[in-house]
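Chain and residue survey
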Amino acid sequence: MATTTRDIQDDAVALWRLEARSFLDYVVTVATPVSTDEVGERVSAAFQEFLDEELPLLRRLFELLVRLDMSPDRPSHALYAAQYNFVRPEKLGTVFVQMADQEIVAMRSIAERYEDVQVLEERLLKSILADWINFRETSVTQIEKILADADRARAAAAGEEVEEVEEEADSGDDEFPWHDEALGLEERVKLAEGKGIFEKLFAAMAQTDCTACGYDCEGYARAIAE
């Protein structure tokens, strides 16, 4: 059961301090990893993609803080950052998984206090947390796959027996089948028939995730619905 002991200003600032200068931010914007192979290049490319996709979440959080009459400074990196300079991307991938798992635990701890909310600002924070947790979990899964593929490739090259991993069929976005900019508006709206207000709003978006409004299409629809 969710606790009623919560302070949205403290919780929003805690999330800002956790994510505005995260490990991911450091390894993309400051560290200079040494890429010498395909695995390193894949990890580095994934890190850049994650940070780009995270920017709309940071904007949403900052806008909420401003709405709460707060003007947070960009915090310092909450880690002994220099130790990651010039480290091979594959090793950074392992550290990212560890760091991201800790962040997910911290975000879930905050989210537990916002299971039952009515105030708009609290609902906005709840939405941001839900999207961020989902994003972090997806990011971890992607890095873990890259690292596992590398381990299997090395084992195979060494002549070791490697268990075949059955690739999951790409079935598209089963949860949100309308999230495809190639579909027309009528087609997308039809796919959301019988769904809730959030899903219908999401289907009506352009599906380009351009973030010109400060959100991706899913995040904007969720914010309007809430």
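A brief structural summary. (Residues numbered from 1 in each chain as written. Predicted model: local features only at pLDDT ≥ 70, side-chain atom pairs only at ≥ 80, totals over all residues. Heavy atoms only, no water.)

We now examine the overall build of the protein. Counting its secondary structure elements, the protein contains eight helices and zero strands. Each helix (α) and strand (β) of the protein, taken in turn from the N terminus, gives the series α-α-α-α-α-α-α-α. Its C-alpha atoms give the protein principal-axis dimensions of about 60 × 45 × 35 Å. Going through the 226 residues of the protein one by one, you find that 39% of them count as buried. In the protein, the proportion of contacts linking residues at least 24 apart, taken out of those at least 6 apart, comes to 74%. Accessible area for the protein stands at about 12900 Å²; split by element, carbon and sulfur atoms hold 49% of it. One way to put it: in the protein the 23 positive side-chain charges average out to a point 4 Å from where the 49 negative ones average out. (Helix = DSSP H or I, 4+ residues; strand = E, 2+ residues; numbered from the N terminus. Buried < 20%, exposed > 50% of the residue type's maximum accessible area, 1.4 Å probe, protein only. Contact = heavy atoms within 4.5 Å. Areas by Shrake-Rupley, 256 points an atom, 1.4 Å probe, with all protein chains shown as cover. Lys, Arg positive; Asp, Glu negative; His and termini not counted. Charge placed at Lys NZ, Arg CZ, Asp CG, Glu CD.)

Viewed as axis vectors pointing N to C, helix 1 (residues 8-19) and helix 5 (residues 120-157) meet at an angle of 25°, and their least axial separation amounts to 11 Å. With respect to helix 5, the axis of helix 1 lies roughly parallel. When you trace helix 1 past helix 5, the crossing you get is left-handed. For the pair formed by helix 1 and helix 5, the contact residues are Ile 8, Asp 11, Ala 12, Leu 15 and Glu 19 on the first element and Glu 121, Glu 122, Leu 125, Ile 128, Leu 129, Trp 132 and Arg 136 on the second. Broken down by class, the residue content of the contact of helix 1 with helix 5 amounts to seven nonpolar, no polar and five charged. (Axes fitted to C-alpha atoms, helices over the stretch in contact; angles between N-to-C directions. Parallel < 35°, antiparallel > 145°, perpendicular 65-115°, else oblique. Left-handed = near helix turned anticlockwise from the far one by under 90°. Nonpolar A, V, L, I, M, F, W, Y, C, P; charged D, E, K, R; others polar.)

On to helix 5. The terminal C-alpha atoms of helix 5 lie 56 Å apart, and with 38 residues this matches the ideal 56 Å at 1.5 Å per residue to within 8%. A positive phi of about 85° marks Gly 159, the residue just after helix 5. (Expected span 1.5 Å × (residues − 1).)

Here we take up the pattern of salt bridges. Counted according to the given criterion, the structure contains 18 salt bridges. Close ionic contact of Asp 37 with Arg 88 constitutes a salt bridge, the shortest N to O distance being 3.0 Å. Of the two residues, Asp 37 sits in the loop between helix 2 (23-29) and helix 3 (38-67) while Arg 88 sits in the loop between helix 3 and helix 4 (89-111), which places them 51 residues apart along the sequence. Using a relative accessible area of 26% as the deciding quantity, one classes Asp 37 as partly exposed. (Salt bridge = Lys/Arg side-chain N within 4 Å of Asp/Glu carboxyl O.)

Now for the side chain of His 77. By the element assignment, His 77 lies in the loop between helix 3 and helix 4. At 2.9 Å, the side chain of His 77 forms a polar contact with the side chain of Asp 25. Ignoring any residue separated from it by four or fewer positions in sequence, one finds His 77 in contact with Arg 21, Ser 22, Asp 25, Tyr 26 and Val 30. (Polar contact = N/O pair within 3.5 Å; in protein donor to acceptor, adjacent residues only side chain to side chain.)

This part covers the packing of aromatic side chains. Any pair of aromatic rings gets described here by the distance separating the centres and the angle formed by the planes. Throughout the structure, instances matching the rule amount to 10 aromatic pairs. Ring geometry for Phe 176 against Phe 202: centres 5.1 Å apart, planes inclined by 70°, an arrangement best described as edge-to-face. Within this pair, whereas Phe 176 is found in the loop between helix 5 and helix 6 (185-191), its partner Phe 202 is found in helix 7 (residues 197-204), the two being separated by 26 residues in sequence. Considered together, Phe 176 and Phe 202 belong to a single accessibility category, that of buried residues. On the numbers, 5.9 Å between centres and 25° between planes, the contact of Phe 198 with Phe 202 is stacked. Remark: Phe 202 and Phe 198 occur in helix 7; sequence separation between them is four residues, near one turn of the helix. Comparing Phe 198 with Phe 202, the two get one shared label, buried. Feature note: the residues Phe 47, Phe 50, Phe 96 and Phe 135 constitute an aromatic cluster, connected by ring pairs. Stacked on the ring of Tyr 114, the Lys or Arg Arg 6 has its end atom at 5.4 Å from the ring centre. (Phe/Tyr/Trp six-rings, centres within 6.5 Å; stacked < 30°, edge-to-face > 60°. Lys NZ or Arg CZ within 6 Å of the ring centre and 35° of its normal.)

Remember that the coordinates give geometry; whether it matters functionally is a separate question.
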